[in-house]
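# Structural description and commentary
What follows is each chain in one-letter form.
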Amino acid sequence: PALFQMSGSQPPLGRGVPCLRCRGTCAGFEPHSWRKICKSCKCSQEEHSVSSELEDDRKIGRLLADSKYSTLTARLKGGDGVRIYKRNRMIVTNPNISGKDPTFDTITYEWAPPGLAQKLAMQYMELMPKELQPVAGTAGAQQRRRRLARQLPLYDQDPAQCRGLAEGEHRLMEEFVQRYKAEALGVGEVALPGQGGGGGKDEGKPQDKSIESSQAPESTNGALESAPGAGHHRCDTCKQAVPGDCPVVYADRAGYSRQWHPACFVCCRCSEPLVDLIYFWKGGAPWCGRHYCESLRPRCAGCDEIIFSEDYQRAEGLAWHRKHFACLECETPLVGKPFTLANTSLLCTICSHSKRL
């Protein structure tokens, strides 16, 4: 049987790995003083995998704590009181009888949907593209870690991690986080069509249930029989019919009349798969955390943090804290000065000219 377990502590990663984007042009992550980039290669933190698994679990634990999804978190014995994500790992052991003496092949999925029988969990994984399946030691697991960093940055939920907040803005951010936890944050639920939220009795009506009450009954979880009336179920993204014996994703904030193919449960803005099924509901669609926050407040193109001041710099559709409107190369402040902007790279005229030579 599959084993679900909470991840343990991991050794510190130090400077992280050489950049995954520029393929080793730097020796490892060299942090900038306030930008979320490597000082050496200028690539983002997520390209260097600088966080450990324990740090990721603490981050998601903090996000889900004080929300109706807090049942997916737990306090560590002897810990510092911070809640940690009860991330499900799935360990699958298959016999290998090709040789003379039978052996066993073990596959570890670094994350799997919670509360499922192994059969249904494996069906879910098989419906995801191979390159996105979070099998330990593969590109899929690495992609999951990068999406965690990209979609759910810690500085979007913890004022203590922000360098751009001015005096008096900490409270504004705390209220911002409290509001999105109450109004938008959600965790998708995997079940067979028609069985989301306990069997779909109130199908079509908005739901607001706790995690525990929204899971499908154990007696049907993992069953392969088609659900009654399964023919009318369609994926909310691709609009294709959903077979009654294939798992789908439900979002309780959407109501249980809507469901998604596992590969179709993506952010409506960036179309990236929603990491660990964590979504933010707005305007009738799921968003990743990054783009949901940006839909409410501008994000600084310099430090990557949400801007809570009303006095900030704008240029070509981008925003900056005024103190972060500076040259990427020499850090010269550029408010009121000439500059060039290529993608999000802000340069003074001298550094821009040097790059062209």
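Residues numbered from 1 in each chain as written. Predicted model: local features only at pLDDT ≥ 70, side-chain atom pairs only at ≥ 80, totals over all residues. Heavy atoms only, no water.

- As annotated in an unreviewed UniProt entry, the protein chain carries the name LMCD1 protein and is attributed to Grallaria varia.

## Some words on the overall build of the protein chain
- The helix and strand inventory of the protein chain stands at 8 helices and 13 strands.
- A total of 357 residues make up the protein chain; the buried ones form 49% of that total.
- Taking the intrachain contacts of the protein chain between residues at least 6 apart in sequence as the baseline, contacts between residues at least 24 apart amount to 54%. (Helix = DSSP H or I, 4+ residues; strand = E, 2+ residues; numbered from the N terminus. Buried < 20%, exposed > 50% of the residue type's maximum accessible area, 1.4 Å probe, protein only. Contact = heavy atoms within 4.5 Å.)

## Considerations on the sheet that holds strand E5 (residues 185–187)
- Reading across the sheet, the 3 strands line up as E5-E8-E9 and stay open at both edges, with antiparallel pairing between neighbours. Each having just a single partner strand, E5 and strand E9 (285–287) make up the two edges of the open sheet. Looking at each pair of strands side by side, their axes are set apart by 50° on average, direction ignored. (Pairing = 2+ DSSP bridges. Axes fitted to C-alpha atoms, helices over the stretch in contact; angles between N-to-C directions.)

## Remarks on the state of the cysteines
- Here the structure, examined in full by the defined rule, presents 0 disulfides.
- As a non-bridged cysteine, cysteine 162 has cysteine 303 as the owner of its nearest cysteine sulfur, 7.8 Å distant.
- Of the cysteine sulfurs around cysteine 348, a residue in no disulfide, the closest is that of cysteine 351, at 3.6 Å. (Disulfide = S-S within 2.5 Å.)

## What about the side chain of glutamate 110?
- Mapped onto the secondary structure, glutamate 110 falls in the loop between strand E4 (103–109) and helix H2 (118–126).
- Not counting the four nearest positions on each side in its chain, glutamate 110 is found in contact with Glu53, Arg87, Asn88, Arg89, Pro134, Ala136, Gly137 and Ala141.

## Description of the pairing of strand E11 (residues 318–321)
- As paired elements, strand E10 (residues 312–315) and E11 share 4 bridges and run antiparallel to each other. Each bridged residue has a counterpart across the sheet, and for tyrosine 312 the counterpart in E11 is histidine 321.
- Between E10 and E11, which follow one another and run antiparallel, lie 2 residues, and glutamate 316 among them has a positive phi close to 50°.

## Points about the packing of helix H1 (residues 53–64) against helix H3 (residues 139–151)
- Interaxial distance between H1 and H3 falls to 11 Å at its minimum, and their mutual angle equals 45°. Between H1 and H3, the angle is such that the two are oblique. As for how H1 packs across H3, the hand of that crossing is left-handed. On the side of H1, the interface is formed by Glu53, Asp56, Lys59 and Ile60, while H3 contributes Arg145, Leu148 and Ala149.
- Grouping the constituent residues of the contact of H1 with H3 by class yields 3 nonpolar, no polar and 4 charged. (Parallel < 35°, antiparallel > 145°, perpendicular 65-115°, else oblique. Left-handed = near helix turned anticlockwise from the far one by under 90°. Nonpolar A, V, L, I, M, F, W, Y, C, P; charged D, E, K, R; others polar.)

## Comments concerning H2
- For H2, every residue scored as buried is listed here: Leu120, Ala121, Met122, Gln123, Tyr124 and Met125.
- Among the structural elements, strand E3 (90–96), E4, strand E6 (189–191) and strand E7 (248–250) are those in contact with the buried residues of H2.

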